[in-house]
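Understanding the architecture of this molecule
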Amino acid sequence: MLGYPRADGRKGIRNTVVVGYLVECAHHVAREIALPFREADTHVIGFPGCYPNSYAETMMERLCTHPNVGAVLLVSLGCESFNKYRLEQAIRDSGRAVRTIVIQATGGTRTSIAEGRDFVAGQRAVLDAMTPVPMAASDLIVGTICGGSDGTSGITGNPAAGRAFDMLVADGAACIFEETGELIGCEHIMAARAITPDLGHELEASVAKAARYYATLGYGSFAAGNADGGLTTIEEKSMGAYAKSGSSPITGLIKPGDVPSRGGLYLLDVVPDGEVRFGFPNINDNAEIAELIACGCHAVLFVTGRGSVVGSAIAPVVKICANPETYRRMSDDMDVDAGRILEGRATLDEVGAEIRDVVLGLGDGQRTRSEALGHQEFILTYKSFEPIGPACLPAA
Amino acid sequence: MTGDTMPGIETPSPPSDPRLLLLDPRDNVLVATARIRAGETIAVGGMRVSMPADLPLGHKLARVDIAPGAKVLKYGAPIGSATVAIRAGDHAHVHNIRSDYTPTYHLDDAKPRDGGAS
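Residues numbered from 1 in each chain as written. Chains lettered and ligands numbered in written order. Predicted model: local features only at pLDDT ≥ 70, side-chain atom pairs only at ≥ 80, totals over all residues. Heavy atoms only, no water.

1. Overview of the overall build of chain B
Cut-off, in case you're wondering: A run of H or I in DSSP counts as a helix once it spans at least four residues, and a run of E counts as a strand once it spans at least two, with each numbered from the N terminus. Note that accessible areas follow from Shrake-Rupley with a 1.4 Å probe, and for residues the cover is restricted to the protein chains shown.
Scanning chain B from N- to C-terminus turns up 0 helices and 9 strands. Put simply, chain B runs from its N terminus to its C terminus through helices and strands in the order β-β-β-β-β-β-β-β-β. Surface exposure of chain B reaches about 6,400 Å², of which carbon and sulfur atoms provide 57%.

2. Things to note about the UniProt feature "domain: D-galactarate/Altronate dehydratase C-terminal" (unreviewed entry) in chain A
Short version of the rule: UniProt positions are given in the numbering used here, feature names are shortened, and annotations may be inferred rather than shown by experiment.
The sites that UniProt annotates as "domain: D-galactarate/Altronate dehydratase C-terminal" (unreviewed entry) are residues 137-383 of chain A. Annotated as 36% helix and 14% strand, the span residues 137-383 of chain A places its first and last C-alpha atoms 32 Å apart.

3. A closer look at the interface of chain B and chain A
For the record, the criterion: When checking whether two residues touch, look at their non-hydrogen atoms; a contact exists if any pair is within 4.5 Å. Computed with a 1.4 Å rolling probe, the buried area is the accessible surface lost when two parts are put together, summed over both parts. We count a salt bridge whenever a side-chain nitrogen from Lys or Arg sits within 4 Å of a carboxyl oxygen from Asp or Glu. Two N or O atoms count as a polar contact when they lie within 3.5 Å, although within protein this holds only if one can serve as hydrogen donor and the other as acceptor, and sequence-adjacent residues are included solely when both atoms are side-chain atoms.
Counting residues at the interface gives 33 residues for chain B, matched by 32 residues for chain A. Here chain B and chain A share an interface that buries about 2,500 Å² over both sides, 59% of which is from carbon and sulfur atoms. Across the chain B-chain A interface, the total number found is 2 salt bridges. Lys-74 of chain B serves as the salt-bridge partner of Glu-236 of chain A, at 2.8 Å between the closest nitrogen and oxygen. The interface formed by chain B and chain A holds 13 residue pairs in polar contact (both at pLDDT 80 or more) in total. The dominant element in the side of chain B that touches chain A, judged by the number of residues it contributes, is strand E7 (residues 77-82) of chain B, at 4 residues.

4. Some words on the sheet that holds strand E6 (residues 71-74) of chain B
The following threshold applies: Note: two strands are recorded as paired if DSSP finds a minimum of 2 bridges between them. Here, axes are lines fitted to C-alpha atoms. For helices the fit covers the stretch in contact, and angles between N-to-C directions go from 0 to 180 degrees.
Pairing is antiparallel in the open sheet, where 3 strands are placed in the order E6-E7-E9 (chain B). In this open sheet, the two strands that pair with only one neighbour each are E6 and strand E9 (97-98) of chain B. Where E7 of chain B meets E9 of chain B, 2 bridges bridge the pair, whose relative direction is antiparallel. Within E9 of chain B, the residue paired with Ala-82 of chain B across the bridge is Ile-97 of chain B. Seen against the sheet, helix H10 (residues 234-242) of chain A touches E6 and E7 of chain B and runs at an angle of roughly 165° to E7 of chain B.

5. A few points about the UniProt feature "domain: D-galactarate/Altronate dehydratase second" (unreviewed entry) in chain A
Under the UniProt annotation, the feature "domain: D-galactarate/Altronate dehydratase second" (unreviewed entry) is placed at residues 3-120 of chain A. A distance of 21 Å separates the end C-alpha atoms of residues 3-120 of chain A, which is 38% helix and 25% strand.

6. Side note on a nonpolar patch on the surface
Rules: Like-charged residues within 9 Å of one another, or nonpolar side chains (Val, Leu, Ile, Met, Phe, Trp, Tyr) within 5 Å, are grouped into patches, provided each residue has over 30% relative accessible area and no salt bridge.
Taken together, the side chains of Tyr-219, Phe-280 and Ile-283 of chain A together with Tyr-105 and Leu-107 of chain B present a nonpolar region at the surface, about 450 Å² in accessible area. Considering the arrangement of structural elements, one finds Tyr-105 of chain B in the segment after E9.

7. Here's the deal with helix H5 (residues 109-128) of chain A
All names here are of chain A. To keep things clear, this is the line we draw: Take the number of residues in a helix, subtract one, and multiply by 1.5 Å to get its expected span. Accessible area is worked out with a 1.4 Å probe on protein chains only. A residue is then buried under 20% of its type maximum, exposed over 50%, and partly exposed in between. This arc describes the spread of directions from the helix axis toward the C-beta atoms.
Across its 20 residues, H5 extends 28 Å between first and last C-alpha, which sits within 8% of the 28 Å expected from 1.5 Å per residue. Residues of H5 that are buried include every one of Ser-112, Ile-113, Gly-116, Phe-119, Val-120, Gln-123, Arg-124 and Leu-127, and no others. Summarising the axial view, the buried residues of H5 lie within an arc of 135°, below the 170-degree limit, and thus occupy one face. Among the exposed residues of H5, those pointing more than 90 degrees away from its buried face are Arg-110, Asp-118, Ala-125 and Val-126.

8. Considerations on the UniProt feature "domain: SAF" (unreviewed entry) in chain B
Mapped onto this numbering, the UniProt entry gives "domain: SAF" (unreviewed entry) at residues 27-98 of chain B. As annotated, residues 27-98 of chain B comprises 0% helix and 40% strand, and the C-alpha atoms at either end are separated by 17 Å.

9. Notes on the side chain of Ser-99 of chain B
One can find Ser-99 of chain B in the segment after E9. Residue class for Ser-99 of chain B comes out buried when judged on its relative accessible area of 10%. A distance of 2.6 Å separates polar atoms of two side chains, one belonging to Ser-99 of chain B and the other to Glu-235 of chain A. In this structure the side chain of Ser-99 of chain B is engaged in a polar contact, spanning 2.8 Å, whose partner is the backbone nitrogen of Tyr-101 of chain B. With residues near it in sequence (within four places) discarded, Ser-99 of chain B still touches Thr-233, Ile-234 and Glu-235 of chain A together with Gly-80 of chain B.

10. Considering the pattern of salt bridges
Tallying each qualifying case throughout the model produces 34 salt bridges over all chains. A salt bridge links Glu-115 of chain A to Arg-99 of chain A, with the shortest nitrogen-to-oxygen separation between them at 2.6 Å. Linking Glu-115 of chain A in helix H5 with Arg-99 of chain A in strand E6 (residues 97-102), this pair joins segments that are 16 residues apart in sequence. Among the residues examined, Arg-99 of chain A registers a relative accessible area of 31% and is labelled partly exposed. The partner of Arg-19 of chain B in a salt bridge is Glu-40 of chain B, with the nearest N and O atoms 2.7 Å apart. A residue pair is termed long-range when its members are at least 10 positions apart, and Arg-19 of chain B in the segment before strand E1 (20-21) and Glu-40 of chain B in the loop between strand E2 (29-32) and strand E3 (41-44) qualify at 21 residues. Overall, Glu-40 of chain B belongs to the partly exposed group, its relative accessible area being 23%. Taken together, the shared-partner salt bridges in this structure form one network comprising Arg-14, Asp-41, Arg-367 and Glu-371 of chain A.

11. Here's the deal with the packing of helix H2 (residues 54-64) of chain A against helix H11 (residues 285-294) of chain A
All names here are of chain A. Put simply, the rule is: Here is the rule for angles: anything less than 35 degrees is roughly parallel, anything more than 145 is roughly antiparallel, 65 through 115 is roughly perpendicular, and the remaining ranges are oblique. Each crossing gets its handedness from the near helix: less than a right angle anticlockwise from the far helix is left-handed, clockwise is right-handed. Three categories are distinguished: nonpolar for Ala, Val, Leu, Ile, Met, Phe, Trp, Tyr, Cys and Pro, charged for Asp, Glu, Lys and Arg, and polar for the others, with Gly belonging to the last.
H11 packs onto H2 with a crossing angle of 60° between their chain directions and a minimal axis gap of 8 Å. By the angle between their axes, H2 is oblique relative to H11. Once H2 is placed against H11, the crossing between them reads as left-handed. Residues Tyr-55, Met-59, Arg-62 and Leu-63 of H2 form the contact with H11, whose participating residues are Ala-290, Glu-291, Ile-293 and Ala-294. Across the contact of H2 with H11, the residue classes tally to 6 nonpolar, no polar and 2 charged.

12. So, the nonpolar core
Residue and element names in this part refer to chain A. This is how the line gets drawn: Among buried residues, those of type Ala, Val, Leu, Ile, Met, Phe, Trp, Tyr and Cys that are joined through side-chain atoms within 4.5 Å constitute a nonpolar core.
The biggest cluster of nonpolar side chains holds 52 residues, and the ones touching the most others in it are Met-190, Leu-301 and Ile-320. The contacts of Ile-320, once residues within four sequence positions are left out, are Gly-157, Ala-161, Leu-301, Phe-302, Val-303, Thr-304, Val-336, Ala-338 and Ile-355. Counting residues in hydrophobic clusters, the runner-up holds 42 residues, among them Ile-141, Ile-293, Cys-295 and Phe-385.

13. Structural notes on the packing of helix H6 (residues 157-170) of chain A against helix H13 (residues 348-362) of chain A
All names here are of chain A. Where H6 meets H13, the closest approach of the two axes is 7 Å, and the angle between their N-to-C directions is 60°. Relative to H13, the element H6 is oriented oblique. The interaxial crossing formed by H6 with H13 has right-handed handedness. Here H6 contributes Pro-159, Ala-160, Ala-161, Arg-163, Ala-164, Met-167 and Leu-168 to the contact with H13, which in turn contributes Leu-348, Asp-349, Val-351, Gly-352, Ala-353, Ile-355, Arg-356 and Leu-360.

Below, the structure is given as structure tokens:
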């Protein structure tokens, strides 16, 4: 593998220019700036809200200083509450080129787009001239999510992703699984895998929090299509989703924006702390993908049964199709055909090794199907979290 | 161990159609690994069952009779409770199982009934 070295010692498998809007009012200008560079590793991210929120500011800072990001252009309308000064300084301190365009100061839409495109073109030329350096599996952080799940996800794709996680953790990588709302019913067997009893209690508490949160909202983390695909209850979906974690000991519990400093298996708690506010914890799959990437994930394994097509800004999304019927319909969107396990054409271990090899190939010039198709989905909304407690990251 | 049992192998459960997957010996449901068509007669736990509708890939059938209120077991773990009596061979899904945590949101009531998965 080869990676782009960053000042903090991390390495990126991509060298992306981020164009980040700091309120929805600047979104159109950001999108127009990036448009001519859509084939040239330039991704639009942003936060739509006008009011301050520390979660969103942390998310934007972690994403703008992600190892896959080489330079950043911030686009502000001017009057929004987002602390653009602090974000710009954090990006500059990370050793990256950064510029903020304030539309109200620049003179409006047209001049802001022109200035923004000049900056992006200049940074692309600098980044394209960078020489990548050798990178090992132990430099990697890899996340996993499942979306558009069905009755096959928990039998093929998710356990195969779990085998890939086992192999990557054994090679020193940090691997992150998530969605505590889809671990409801699994909390006790999961807690038994924690490296300390106190961490086990934290894992159980995170799932109990998720169960309370969803009970208040009246729905589980369960979409109508999950039922079409044969899943009947959130517990059933959870048992299948849990298989993505593999069988490694659980090293830590983190929250969005916490970046693991060493290898191992981590649970990402994505359910907000405190009273229920701002609606659903994750309004769609891309909200969770953005949180995994904010925890430093270089790439995200996405297991789907019904057939998701999404990718993401900043980090490649590896699409693993659990359902052989779906794969035959949608193979152009899929990186891995895990449904062949059901038809006796491969074993879980073989597909797990294939997933691991696809991940390592991303550091060797390979692109995922969603990247090739131009997917750069991104969403960030309001949430609130307390910092993790001392039991969540036990010393090695 | 009985004389007709292979050493190291548990007494086999009554046979089911090879397209039905038993994920854990404790389970009272089976998972379809391929679509089973309406009108087929298949083996479920040693019984012959006629399929009233298509069973799509990934859906579940009751392996044994399940009493109202009893836990439904898949992967060896409870995935909810039966809301009515479920007979061996019945489609086991949102119409006869409920979550023990949060309700399941689905569109089945509003969907045209063609027996197929969308």
